[in-house]
Amino acid sequence: MIRMLDLQIIGKCNLRCNFCCGAPKNIQERPLGDVQKVIDKLKAINVERIVITGGEPLIYQDIDKLIKYIYDCGIEIYLSTNAYFLDKHFETIIKYVSCIGIPLDGSNNFICSAMTRKEDQLNVTISAINKIKSTNPKIKVKIGTVVSKINIDDLQNIKNILCNNDYIPDVWRLYEFSPLGDGKINREQFEIETKDFIEATNKLKEGKCPILISTLTNEDSNDAYIFIHPNMNIILLTNDEYVKVGNASEMSVDELEDLFQNQLTTLKHQENNRKWLKKE
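Rules behind the numbers
Residues numbered from 1 in each chain as written. Predicted model: local features only at pLDDT ≥ 70, side-chain atom pairs only at ≥ 80, totals over all residues. Heavy atoms only, no water. 1 Å grid on protein atoms, 1.4 Å probe; cavity = no way out; pocket = protein on both sides within 12 Å on 5 of 7 lines; lining within 4 Å. Points joined across faces, edges and corners; volume = space filled by probe spheres on them. Helix = DSSP H or I, 4+ residues; strand = E, 2+ residues; numbered from the N terminus. Nonpolar A, V, L, I, M, F, W, Y, C, P; charged D, E, K, R; others polar. Pairing = 2+ DSSP bridges. Axes fitted to C-alpha atoms, helices over the stretch in contact; angles between N-to-C directions. Contact = heavy atoms within 4.5 Å. Buried < 20%, exposed > 50% of the residue type's maximum accessible area, 1.4 Å probe, protein only. Polar contact = N/O pair within 3.5 Å; in protein donor to acceptor, adjacent residues only side chain to side chain. Core = buried A, V, L, I, M, F, W, Y, C linked by side-chain atoms within 4.5 Å. Phe/Tyr/Trp six-rings, centres within 6.5 Å; stacked < 30°, edge-to-face > 60°.

Next up on the list: the layout of surface pockets. Of the voids in this model, the largest pocket is the one considered here, and its volume is about 160 Å³. The wall of the largest pocket is formed by Arg173, Leu212, Ile213, Ser214, Thr215, Leu216, Asp220, Asn272, Asn273, Lys275 and Trp276. Elements with a contribution of two residues or more to the lining of the largest pocket: strand S7 (212-216) and helix H12 (264-273). If you tally residues by element for the lining of the largest pocket, the top one is S7, at 5 residues. Of the residues in the lining of the largest pocket, the class split is 4 nonpolar, 4 polar and 3 charged.

Put into structure tokens, the structure is as follows:
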């Protein structure tokens, strides 16, 4: 079983998506030295993969140094980014990152804007796919789409864009809108029924498609992820609530090991949810 966790290195973001369920924006991030000490502990308990996310991780001040440090520790890196700062950090990413997740919630500027992304997210995402794949095709590219009442009828159009692009992403991950974080106060704007999400995403799997299509319902998310917040608090998602179970800076290696031993079911669910990350 793979030991993996989501390192939400920063809460701040250049976007203000009304469905965001990432790290709270008001949590102060830790300096690089503190984070490196946590990485050392994670290496000691044989964590194999770290998902660097946020917020927007590429605005963390020492993100290039952090990525290289994790890589040098022998830990595989999956980076989740909105790609607006990809060019600034491209040389680091292309060397040390195994997988990159980038969002796309609409097939045109109007729907991207209605989803409260920036209206140019489509162009940013497509440009990122092409730059990454043309430079290092071994990097796995995952496109993530939050499915809501705003874009549920646009999914086939998104599929057509991705399947007919010059460079094809490896995975298209579709998420049921989740009423967590900012989504909790904006659920009326986005929320759909799970049965509608399943029906819409199943239709996308019909016919030939060069992209692996993967889906995640809200039920799938519970008890399936281990998060570390920017302040190094360790967070679990259970019963649609985020619960603190410790602080990685304050815990010893043995205490972290015990925590992981007590979360074997969570690790199993997490590995199943992210089986698309497996190397071929």
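After presenting the structure, the write-up continues.
Attention shifts here to empty space enclosed by the protein. What the rule picks out here adds up to 1 cavity of 30 Å³ or more. Its boundaries defined by the atoms lining it, the largest cavity holds a volume of some 1000 Å³. Taken together, 46 residues make up the lining of the largest cavity; nearest its centre are Cys21, Gly22, Thr53, Ser80 and Tyr175. Only strand S1 (4-8), strand S2 (49-53), strand S3 (76-80), strand S4 (99-103), strand S5 (140-147), strand S6 (171-176) and helix H10 (218-221) provide two or more residues apiece to the lining of the largest cavity. Residue classes in the lining of the largest cavity are distributed as 21 nonpolar, 15 polar and 10 charged.

What follows concerns the sheet that holds S2. Across the sheet, which stays open at both edges, the 10 strands sit in the order S7-S6-S5-S4-S3-S2-S1-S8-S9-S10 with mixed pairing between neighbours. Of all strands in the sheet, those with a lone pairing partner are S7 and strand S10 (241-247), marking the two edges. Taken pair by pair, the neighbouring strands of this sheet meet at an average axis angle of 25°, ignoring direction. The pairing of strand S8 (residues 226-228) with strand S9 (residues 233-238) spans 3 bridges and is antiparallel. When the sheet's bridge partners are listed, Phe227 is paired in S9 with Ile235. Running over the sheet, helix H9 (residues 194-204) touches S5, S6 and S7 and is turned about 165° from S6.

What follows covers the side chain of Thr145. Relative to the helices and strands, Thr145 resides in strand S5. The exposure class of Thr145 is buried, given its relative accessible area of 0%. Separated by 2.6 Å, the side chain of Thr145 and the backbone oxygen of Leu104 make a polar contact.

So, on to the nonpolar core. Grouped together as the largest cluster of nonpolar side chains are 68 residues, with contacts concentrated most on Leu7, Ile39, Ile50 and Leu66. Counting residues per element, this core draws most heavily on helix H5 (residues 121-135), at 6 residues. In this view, Leu66 contacts Leu7, Ile9, Leu32, Val35, Ile39 and Tyr60; residues no more than four positions away in its chain are not counted. Judged by nonpolar contacts, the second largest core, of 9 residues, contains Cys13, Leu15, Phe19 and Met115.

Working definition: an aromatic ring pair is given by the centre-to-centre distance plus the angle between the planes. Enumeration over the complete set of coordinates arrives at 6 aromatic pairs. Where Tyr71 meets Tyr96, the ring centres are 4.8 Å apart and the plane angle is 55°; that geometry is what we call tilted. Taken as a pair, Tyr71 in helix H2 (residues 63-72) and Tyr96 in helix H3 (residues 90-96) lie far apart in primary sequence, 25 residues in all. Judged by its relative accessible area of 40%, Tyr71 falls in the partly exposed class.

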